[in-house]
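A look at the structure
In case you want the letters, here they are:
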Amino acid sequence: MIQKTLKAKNWLATSLVLFGSTIALGCSNSVVNKNLDRVDPETSEVQLLSSTTEPSQQTLDSRTSFLLASNLINQQQGQQALQELENLENQYPILASYVLLKQGQAYQLAGNNNEAETSWQQVVNNYPDSAAAAEALYLLGKSNPAYWQQAIKRFPAHPRTHQIVRQLLEQNPNQLRLMALLAKYTPDDEEVGKMRDRLMNEYASQLTPQDWQAIADGYWLKWDYGKAGRAYAKSSLTPGNLYRAARGHHLGNDIATAKKLYLQLIEQFPNAEDTGLGLRRLATIVDKQQAIIYLDRAIAKFPQEAPEALMEKADLLDTLNSSISATQARKLVLTQYTNSEAAAEYRWEIANIQAKAGNLTAAWHWAQQIAVNNPESPLAPKATFWIGKWAQKLGKISEATTAFKAVLANFPRSYYAWRAAVALNWDVGDFTTVRQKLPEVVKQSDRAPLPAGSEIVRELDRLGLKSEALAQFQIETAYKKELTIAEEFTSGLLKLDQGKNLRGINQIWFLKDRNKPSEKQQWQALRQTAQYWQGLYPFPFEKSILNWSQSRQLNPLLVTALIRQESRFEPKIRSWAGATGLMQVMPATGEHVASSIGLSDYSLTNPEDNINIGTYYLDFTHQKYQNNSMLAVASYNAGPNAVAQWVSRYGLKDADEFVEQIPYSETKGYVESVFENYWNYLLIYNPEVEKLFQQLS
């Protein structure tokens, strides 16, 4: 046993040396080979951590002993674990609280319950702010329930506290405070949805404004806008809450209440930013003359809403037969708000009209204005790509090439960057060849250090103790009203480590919506790192995806791209229609496919079964359309019959024009999103495409 332990320790020490070196140097397999360690919350500067220096031998030895002890505890070998942990809290001060926690667990395994409780008491008393104290309180509470009440009071955000609360609710489900705690701290939990309903229906008179806020935020998070509106109406009176109360009722089709709340917002908070948007929303549910009055107020008082309000006013004026006034309103958008999204949308509308009329030079002119005046618009990559397409049709090959290269240079992560790469004859697969391609997939096993969090969080993360790192980080940020860009990104990464892929990806994605100039600069700096893109496009369930893709002769990165779009890699997620799991398989489809392939015992919430069935169906849609992946993907979303009708109606002479003509906006967006995902997975995980891109840069 001693010889085996020494061998294990030597191997572990070697691994930690290599691991520490990887952390210090950073890992990158993306287009931009930079490493972000920390973003200063006051500036956009990227700061390197002191942890980029090599760890000392004592630190490496301490890490080795800690991990080996953890492994021995998992193997129920308490006495051996105690040998590794002896005096380690003094040698490894950064994780002293966790060492004592492990000591208690080892003592318990060795049958020494008194020493176990003493160790846990030390954690609670000496390290009151450590997440390890919550774990210790949980363990102490198994024999003395008073400790559980301490955990609830001191660590309401800790996952172990949530476990305690659930156990207490199982004993007595009628505990308002405990349900309210889960509603606040675990809003996306499936069972918590039922608790929110109970709180609203059975305990409304006992809820505080803070309770209502948490309930409302939870409903809003789950897109249950009608209930969210009712809850926001009872939460603290702020412009944001009042706007969401009105908007929630609006989206829930309670128009009378929505109108009343919009008017209350305008009266009580006439200068608040949310009021400008409230005026625009109110204009959609009143008569046309009133609507113009509200839109004029938005135009006059809220510059950020003025461009959209002018366009909405122009549409109303058209319906009132005031075409001259409507034209003037639209001209104001182009002249006074030339850089606005409303101006970009109007320019693209005119460009489309000109293109359909065969006036490609005019269409080119209007699209060019988007590229010049609206480079930050979501329409900019599309407009630049179509400049290239129209140039091709006009025989201007040099100009077309310039436009396609501009898409790749300026909008490298977009769907249209992939279309531009195809137009430039890059070997990245077109709609008709993507299926057959089998790109090399190189996935980094380690990622760069976390950009935020205490040194304790970082150390736990270095050791691969992801659950502990997330719990510690949640404790440190629980009472912050708003996280910094770096903190939000760190939270997203830690959620991805936990397999909470939907929440992790979304947290990273919505960083783009932060409004403060300093935050936008920090986000732009973050986008220059490989870590950011690997977080946005993670690759969980890699083995299953690669295996079933190979079995079905499907491009594995196309399968991964489709899974990301369908479910964000969530095995148990369900749509309103009942579609289940990673590839969102309908139960009837799953039953039919399982019968066809002889899969008698299966579960759609089992990733292996779900990917098996989902790739079978994706193979089927490819076969139906002669391996045209665009039609196969569209069919996966809209069904084979609808796609067949579109092919009959529009033809397939130009695939890009076909995508633009897809009449279902959801399916059109779905096709573009899946192939944008595919392109990004190529950029991140395929060295050949990365090299092509670097050569272009």
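As the structure is a prediction and not an experimental result, all values here were calculated from the model.

At Gln553, a residue that is not glycine, the phi angle is positive and equals roughly 60°. If you trace the backbone, Gln553 turns up in the loop between helix 31 (542-552) and helix 32 (556-567). Phi angles above zero are rare outside glycine, and Gln626 is one such case at about 50°. Here Gln626 lies in the loop between helix 34 (607-624) and helix 35 (629-638). Residue Gln626 is classed as exposed on the basis of its relative accessible area of 67%.

The end-to-end C-alpha separation of helix 9 (residues 159-171) is 19 Å, in line with the 18 Å expected for 13 residues at 1.5 Å each. Along helix 9, the residues that are buried comprise Thr161, His162, Ile164, Val165, Leu168 and Leu169. The buried side chains of helix 9 occupy one side of the element, clustering within an arc of 155° when seen end-on. Counted as exposed and oriented over 90 degrees from the buried face of helix 9: Glu170 and Gln171. Buried residues along helix 9 sit against helix 7 (131-141), helix 8 (146-154), helix 10 (176-185) and helix 11 (190-202).

The next point concerns the confidence of the model for the protein. Predicted confidence across the protein gives a mean pLDDT of 91, with 92% of residues reaching 70 or more. Across residues 1-51, confidence stays below pLDDT 50; counting only partners more than four residues off in sequence or on other chains, it has 108 contacts.

A separate point is the pattern of salt bridges. Pairing between side chains becomes possible if they bear opposite charge and their charged atoms approach one another. A full pass over the atoms with the stated rule returns 34 salt bridges. Across the pair Arg419 and Asp430 runs a salt bridge, and its minimum N-O distance is 2.9 Å. Pair noted here: Arg419 is in helix 24 (residues 415-423) and Asp430 is in the loop between helix 24 and helix 25 (455-462), with a separation of eleven residues, a long-range link. Given the relative accessible area of 4%, Arg419 is considered buried. Residue classification places Asp430 among the partly exposed positions, given a relative accessible area of 26%. One continuous salt-bridge network, built from bridges that share partners, spans Lys389, Arg419, Asp430, Asp654 and Asp656.

Before going further, it helps to examine the nonpolar core. By size, the foremost hydrophobic cluster in this structure holds 199 residues, and its most contacted members are Trp348, Trp390, Leu408, Trp418, Val428 and Trp679. Contact partners of Trp418, with chain neighbours within four places excluded, come to Val428, Gly429, Asp430, Phe431, Val434, Phe675, Tyr678 and Trp679.

Another point: the packing of helix 22 (residues 380-393) against helix 23 (residues 397-410). One can describe the packing of helix 22 onto helix 23 by two numbers: an axis separation of 7 Å at closest approach and a directional angle of 160°. Taken together, the axes of helix 22 and helix 23 lie roughly antiparallel to each other. At the point where helix 22 passes helix 23, the crossing takes the left-handed sense. Of the residues in helix 23, those touching helix 22 at Pro381, Thr384, Phe385, Ile387, Gly388, Lys389, Ala391 and Gln392 are Ile397, Glu399, Ala400, Ala403, Phe404, Ala406 and Val407. Residue composition of the contact of helix 22 with helix 23, by class: ten nonpolar, three polar and two charged.

Next up on the list: the side chain of Gln507. When you line up the elements, Gln507 lands in helix 28 (residues 501-509). On the accessibility criterion, Gln507 (11% relative accessible area) is buried. A distance of 3.2 Å separates the side chain of Gln507 from the side chain of Lys495, its partner in a polar contact.

So, about the packing of helix 12 (residues 209-221) against helix 13 (residues 225-232). The N-to-C vectors of helix 12 and helix 13 enclose an angle of 160°; their axes lie 8 Å apart at closest approach. Judged by the angle between their axes, helix 12 and helix 13 are roughly antiparallel. In this structure, the crossing between helix 12 and helix 13 has a hand that is left-handed. Note on element contacts: helix 13 touches helix 12 through Tyr225, Lys227, Ala228, Ala231 and Tyr232, opposite Trp212, Gln213, Ile215, Ala216, Asp217, Tyr219 and Trp220. For the contact of helix 12 with helix 13, the per-class residue count stands at nine nonpolar, one polar and two charged.

Parameters at a glance
Think of each chain on its own: its residues are numbered from 1, step by step along the sequence as written. Totals for whole chains, interfaces and linings use every residue, but because this is a predicted model, local features are given only for residues with pLDDT of at least 70 and side-chain atom pairs only at 80 or more, for both listing and counting. Side-chain numbers here rest on the full set of heavy atoms in the structure, without hydrogens or water. Here a strand is any run of E in DSSP of at least two residues, a helix any run of H or I of at least four, and the numbering for each starts at the N terminus. For every residue, the accessible area (1.4 Å probe, protein chains only) is compared with the maximum for its type, and the residue is labelled buried under 20%, exposed over 50%, or partly exposed between those bounds. How far a helix is expected to stretch is found by multiplying one less than its residue total by 1.5 Å. Throughout, the arc means the angular range of directions from the helix axis out to the C-beta atoms. Contact between two residues is taken to exist if any of their heavy atoms lie within 4.5 Å; hydrogens are not considered. One number per residue, pLDDT, summarises how confident the predictor is, and it ranges from 0 to 100. In the sections that follow, a salt bridge refers to a side-chain nitrogen of Lys or Arg positioned within 4 Å of a carboxyl oxygen of Asp or Glu. The term nonpolar core refers to a set of buried residues drawn from Ala, Val, Leu, Ile, Met, Phe, Trp, Tyr and Cys, joined through side-chain atoms within 4.5 Å. Angular values range over 0 to 180 degrees, each being the angle between N-to-C directions of two axes fitted as lines to C-alpha atoms, with helices fitted over their stretch in contact. For classification purposes, an angle smaller than 35 degrees is called roughly parallel, one larger than 145 roughly antiparallel, one from 65 to 115 roughly perpendicular, and anything else oblique. Each crossing is labelled by how the near helix is turned from the far one, with a counterclockwise turn of less than a right angle marking it left-handed and a clockwise turn marking it right-handed. As a working rule, the residues Ala, Val, Leu, Ile, Met, Phe, Trp, Tyr, Cys and Pro are called nonpolar, Asp, Glu, Lys and Arg charged, and the rest polar, with Gly in that last group. Each polar contact in these results corresponds to two N or O atoms within 3.5 Å; when the atoms are within protein, one needs to be able to donate a hydrogen and the other to accept it, and residues that are neighboring in sequence are counted only if both atoms are side-chain atoms.

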